[in-house]
Amino acid sequence: LQLMFSSISHEFRSPLNAFSNALSMLEINYNSNFDRLQALADNESRDSKTLMRQMDSSKKYFKIGKVSSTLMLNLTEDILDLAKMQAKSFSLNNEAFSVRTLAEEIEYLFSFQYEGKSLFFILDVDEQTLRTSFCSDMGRIKQILLNLLSNALKFTSMGGVTLTIRLSRAFDEDLFQH
């Protein structure tokens, strides 16, 4: 039981940190942009493109928060899955999912965290792989990638990390959909 809670706390740490940091940045951006928007309304000669870029930045932080909160819900479901495993009634959730969606969620979560430590984070996915749907348990695959990237973040002090996602071969045509 102690090992389980230790493992669960490790799983909660990365999404919670991302959620907290993203929402803090969203608040700062929102407050700054609100003041600028008010000034723009008062003086229409200001550069609206700069304001729009900052609003896009706010959207990015909001997306990180949304993805992180989804991960927290998934982790809660994982705790319930553990009980199912002990009762020998657990099964994987095999559904088609977009590799692009998985890659975007990973990038949203980790680019900000790596940036905060002055490290680079490169997500290297070729276009063919991005267009592919894969039939598997996306939650489990995402969980594995999150664990690997969280550990890489924790133990990397200089440089950065590159995550490469490639289709190496079609194992079974039923697994892949183009």
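Before any of the text, the structure's been laid out above.
Residues numbered from 1 in each chain as written. Predicted model: local features only at pLDDT ≥ 70, side-chain atom pairs only at ≥ 80, totals over all residues. Heavy atoms only, no water.

### Here's the deal with the overall build of the chain
Along its length, the chain carries 5 helices and 5 strands. In sequence order, the secondary structure elements of the chain are arranged as α-α-β-α-β-α-β-α-β-β. Burial status across the chain gives 33% buried among its 178 residues. For the chain, restricting intrachain contacts to residue pairs at least 6 apart in sequence, the fraction spanning at least 24 positions comes to 83%. In the form shown here, the chain has an accessible surface area of approximately 11,600 Å², with 55% of it arising from carbon and sulfur atoms. (Helix = DSSP H or I, 4+ residues; strand = E, 2+ residues; numbered from the N terminus. Buried < 20%, exposed > 50% of the residue type's maximum accessible area, 1.4 Å probe, protein only. Contact = heavy atoms within 4.5 Å. Areas by Shrake-Rupley, 256 points an atom, 1.4 Å probe, with all protein chains shown as cover.)

### Quick look at the side chain of serine 111
Looking at where serine 111 falls in the secondary structure, it is placed in helix H3 (residues 99-116). Since its relative accessible area comes to 18%, serine 111 is described here as buried. Within the local environment of serine 111, its side chain forms a polar contact with the backbone oxygen of glutamate 107, the two atoms lying 2.8 Å apart. Discounting residues that sit within four places of it in the chain, serine 111 has contacts with Lys60 and Phe121. (Polar contact = N/O pair within 3.5 Å; in protein donor to acceptor, adjacent residues only side chain to side chain.)

### Here we look at unusual backbone geometry
Leave glycine aside and you will find that most residues have negative phi; peptide bonds, for their part, are mostly trans. Positive phi values are uncommon outside glycine, yet serine 118 reaches one of about 55 degrees. Locating serine 118 in the fold gives a position in the loop between H3 and strand S2 (120-125).

### Some remarks on the side chain of aspartate 137
Position of aspartate 137 relative to the elements: it lies in the loop between strand S3 (133-136) and helix H5 (138-155). In contact with aspartate 137, not counting residues within four places along its chain, are Leu92, Asn93 and Asn94.

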